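Topology and contacts: notes
Spelled out, the chains give:
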Amino acid sequence: MDFSFSEEETLFRENLREFLQKELRPIITRIDKEGIPHEFVKKASSLGIWAMTVSQEVGGQGAGFLMSTIASEEIARADFSMATAVLFLLESGWGYVLDKYGSKNLREEVLPKVTSGDWFLGVASTEPSGGSDVAGIRTVATKRDSAFVLNGQKIYISGVLEAERWGGGHLTLAKTDPGAGHRGISMFYVPTSTKGIEVSKIENMGRMGISTGIMRYANVEISQNNLVGQLNKGFYYAMDGFNHARVLVAGACIGAAEAILETGIEYIKQREVFSTKLKDYEAISFEAAELRTRLEMAKLLNYKAAWMMDRNPDSQETAMLAAMSKLTAPQVAFDISKAVMMWMGAYGYSKDALIEMGFRGIVSYLVGAEGAMNVMKLIIAKRLFQD
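Quick caveat: nothing in here was measured; it's all calculated off a predicted structure.

Moving on to the overall build of the protein. Of the regular secondary structure elements, the protein holds 13 helices and 10 strands. C-alpha extents for the protein along the principal axes are approximately 80 × 50 × 40 Å. Across the 387 residues in the protein, those meeting the buried criterion constitute 57%. Taking as baseline every contact in the protein between residues at least 6 positions apart, the subset at least 24 positions apart corresponds to 73%. Carbon and sulfur atoms form 52% of the exposed surface of the protein, whose accessible area is close to 16800 Å². Charge-centre separation for the protein: the mean point of 42 positive side chains lies 4 Å from the mean point of 46 negative side chains.

Now the structure itself:
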């Protein structure tokens with residue numbers, strides 16, 4: 001058993017951290033107010049870290065998920081509002097899905113634009129009738145000659161404005177055989193510029209740098225060439241995508257938590273109350289020790305899940321480890337951000353400390369995004385008690 005990173009992985013982390021501390025950390029307040037600058041995305045893509053899981057033949061790096069998890073960690077460590085990390089994991093996770101299942105023509109049309117940072121790529125699965133119940137979607141795609149016509153609505157979809165402004169679209173789930181349950185769902189690449197799509201923004205509590213919104217489809221005509229993979233297999237492609245995305249989500253939560261905890265530890269080492277440094281109060285130092293231990297546990301679990309993704313991505317054990325990572329990392333990150341804010345008192349509650357930015361962003365992964373906490377428990381329990 002070897003817990004060390006390869007020389008390539010270590011060098012990648014060091015170089016990426018240096019780049020992000022120079023190019024991303026100084027603008028995180030601007031990102032939280034105005035959104036992620038497209039010029040940053042273009043600059044990051046020039047280094048090969050945008051949609052890095054995509055194969056080299058269509059512009060990606062063909063990177064594994066352990067390397068991508070390192071990148072997710074470092075991006076969230078620099079921008080712990082989570083906005084840039086969300087954008088990164090969308091491109092990497094769903095770029096992977098389109099690359100794996102899409103036709104040659106569709107891959108060549110879309111993915112080079114995504115890996116270059118020109119276009120946005122996301123996923124549109126959640127609907128007003130049920131967030132985690134992907135099998136219960138109501139959006140319908142009806143075959144008409146050489147096209148499909150989409151009607152329905154998606155909600156809480158990331159990147160709706162980025163796709164509208166930059167170009168690109170979403171891997172969209174729709175029922176093509178409404179009577180067949182999850183076996184009648186297909187996946188389509190749907191450009192946001194397509195006639196009949198209406199986009200509106202939802203104001204979230206956190207992750208302000210990337211838009212969240214509603215997408216309405218009114219007789220939206222999509223070429224049959226935009227079908228991803230086989231007809232009625234979209235549910236399975238989406239589950240594969242969610243499994244991989246969960247590893248990157250956990251990595252982002254860990255990176256944000258690590259940056260916030262380091263900030264908090266530096267603060268309690270310096271701050272004095274009643275002529276005693278905060279670090280010398282056991283109530284605080286013991287809490288810091290416990291949080292650092294839990295963070296290390298979450299990190300090791302996530303690395304194992306990423307390692308398994310690169311070796312046996314389709315196994316039930318890998319899916320369970322991804323769910324375990326998604327269950328653990330957001331909770332640890334939330335507890336760390338809350339504790340650090342409390343160590344800092346009124347200063348921690350202010351925007352000057354920046355910690356509240358991370359607190360708001362991390363909450364999104366407690367309430368949902370790539371699966372709510374109880375859905376992760378359901379996945380784990382199903383694996384534990386299967387016959």
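Past the structure itself, the notes keep going.
Assigned domains of the protein: these are domain 1 (7–120), domain 2 (121–232) and domain 3 (234–385). In this complex, domain 1 contributes 27 residues to the contact, which on the side of domain 2 involves 24 residues. Carbon and sulfur atoms supply 72% of the area buried between domain 1 and domain 2, which totals about 2000 Å² over both sides. When the buried area of domain 1 at its contact with domain 2 is split by residue, Trp94, Leu106 and Phe120 rank highest and sum to 33% of it. At the boundary of domain 1 and domain 2, one finds zero salt bridges. For the side of domain 1 that touches domain 2, the secondary-structure elements that each account for two or more residues are helix H2 (28–34), helix H3 (38–46), helix H5 (83–101) and helix H6 (104–115). In terms of residues, the side of domain 1 that touches domain 2 owes the most to one element, H5, which gives 10 residues. A per-class count over the side of domain 1 that touches domain 2 returns 18 nonpolar, six polar and three charged.

Working note: regular strand, side chains alternate between the two faces of the sheet. With respect to burial, strand S1 (residues 120–124) is a largely interior element, five of its five residues being buried. Across the two faces of S1 the burial is the same, with Phe120, Gly122 and Ala124 and Leu121 and Val123 all buried. By the bridge criterion, five bridges tie S1 to strand S4 (residues 168–175) in an arrangement that is parallel. Residue pairing in the sheet places Phe120 in a bridge with Gly168 of S4.

Within S4, eight of the eight residues are buried, which leaves the element mostly enclosed by the surrounding structure. Pairing between S4 and strand S5 (residues 185–191): seven bridges, direction antiparallel. Its bridge partner lying in S5, Lys175 is registered against Ile185.

Turning to the pattern of salt bridges, a few remarks are in order. Once the charged atoms of two side chains with opposite charge are near each other, the side chains can pair. In this structure the tally under the stated criterion is 26 salt bridges. Residue Lys43 pairs with Glu23 through a salt bridge whose shortest N-O separation is 3.2 Å. Residue Lys43 is located in helix H3, and its partner Glu23 is located in helix H1 (residues 7–23); the two are separated by 20 residues in the primary sequence. In this structure Lys43 comes out as partly exposed when scored by relative accessible area, which is 38%. Salt-bridge contacts for Arg77 lead to Glu258; the nearest nitrogen and oxygen are separated by 3.2 Å. Taken together, the residues span a long stretch of sequence, with Arg77 in helix H4 (residues 65–78) and Glu258 in helix H8 (residues 234–270) at a distance of 181 residues. Accessibility assignment for this pair places Arg77 and Glu258 in one class, buried. The network of salt bridges with common partners includes Arg13, Arg17, Glu73 and Glu74.

What follows deals with the packing of helix H9 (residues 282–311) against helix H10 (residues 316–344). Running from N to C, H9 and H10 point in directions that differ by 155°, and their axes come no closer than 9 Å. The angle between the axes of H9 and H10 places the two elements in the roughly antiparallel class. H9 and H10 meet at a crossing whose hand is left-handed. Its residues placed into classes, the contact of H9 with H10 shows 17 nonpolar, five polar and five charged.

Ranked by internal contacts, the top residues of the largest apolar core, which has 106 residues, are Trp94, Leu171, Met187, Ile336 and Trp343. Per-element accounting of this core gives the leading share, 19 residues, to H8. Those residues in contact with Leu171 that sit more than four places away from it in its chain are Trp94, Val97, Leu98, Leu121, Gly122, Val123, Ala124, Met187, Phe188, Tyr189 and Val228. Judged by nonpolar contacts, the second largest core, of 17 residues, contains Ala124, Ala141, Leu161 and Leu227.

Applying the stated criterion across every chain, the model contains 10 aromatic pairs. Its end group placed over the ring of Phe5, Arg13 keeps NZ or CZ at 5.3 Å from the ring centre. Here Lys143 stacks its cationic end above the ring of Phe148, 5.5 Å away from the centre of that ring.

Assignment of secondary structure puts Glu162 in helix H7 (residues 160–166). Arg165 provides the closest opposite charge to the buried, salt-bridge-free Glu162, at an N-O distance of 5.6 Å. A distance of 2.5 Å separates the side chain of Glu162 from the side chain of Ser211, its partner in a polar contact. Residues in contact with Glu162, not counting those within four places in the same chain, are Phe120, Gly167, Gly209, Ile210 and Ser211.

What counts and what doesn't
Residues numbered from 1 in each chain as written. Predicted model: local features only at pLDDT ≥ 70, side-chain atom pairs only at ≥ 80, totals over all residues. Heavy atoms only, no water. Helix = DSSP H or I, 4+ residues; strand = E, 2+ residues; numbered from the N terminus. Buried < 20%, exposed > 50% of the residue type's maximum accessible area, 1.4 Å probe, protein only. Contact = heavy atoms within 4.5 Å. Areas by Shrake-Rupley, 256 points an atom, 1.4 Å probe, with all protein chains shown as cover. Lys, Arg positive; Asp, Glu negative; His and termini not counted. Charge placed at Lys NZ, Arg CZ, Asp CG, Glu CD. Domains from an automatic or database assignment. Buried area = accessible area lost by both parts, 1.4 Å probe. Salt bridge = Lys/Arg side-chain N within 4 Å of Asp/Glu carboxyl O. Nonpolar A, V, L, I, M, F, W, Y, C, P; charged D, E, K, R; others polar. Pairing = 2+ DSSP bridges. Axes fitted to C-alpha atoms, helices over the stretch in contact; angles between N-to-C directions. Parallel < 35°, antiparallel > 145°, perpendicular 65-115°, else oblique. Left-handed = near helix turned anticlockwise from the far one by under 90°. Core = buried A, V, L, I, M, F, W, Y, C linked by side-chain atoms within 4.5 Å. Phe/Tyr/Trp six-rings, centres within 6.5 Å; stacked < 30°, edge-to-face > 60°. Lys NZ or Arg CZ within 6 Å of the ring centre and 35° of its normal. Polar contact = N/O pair within 3.5 Å; in protein donor to acceptor, adjacent residues only side chain to side chain.

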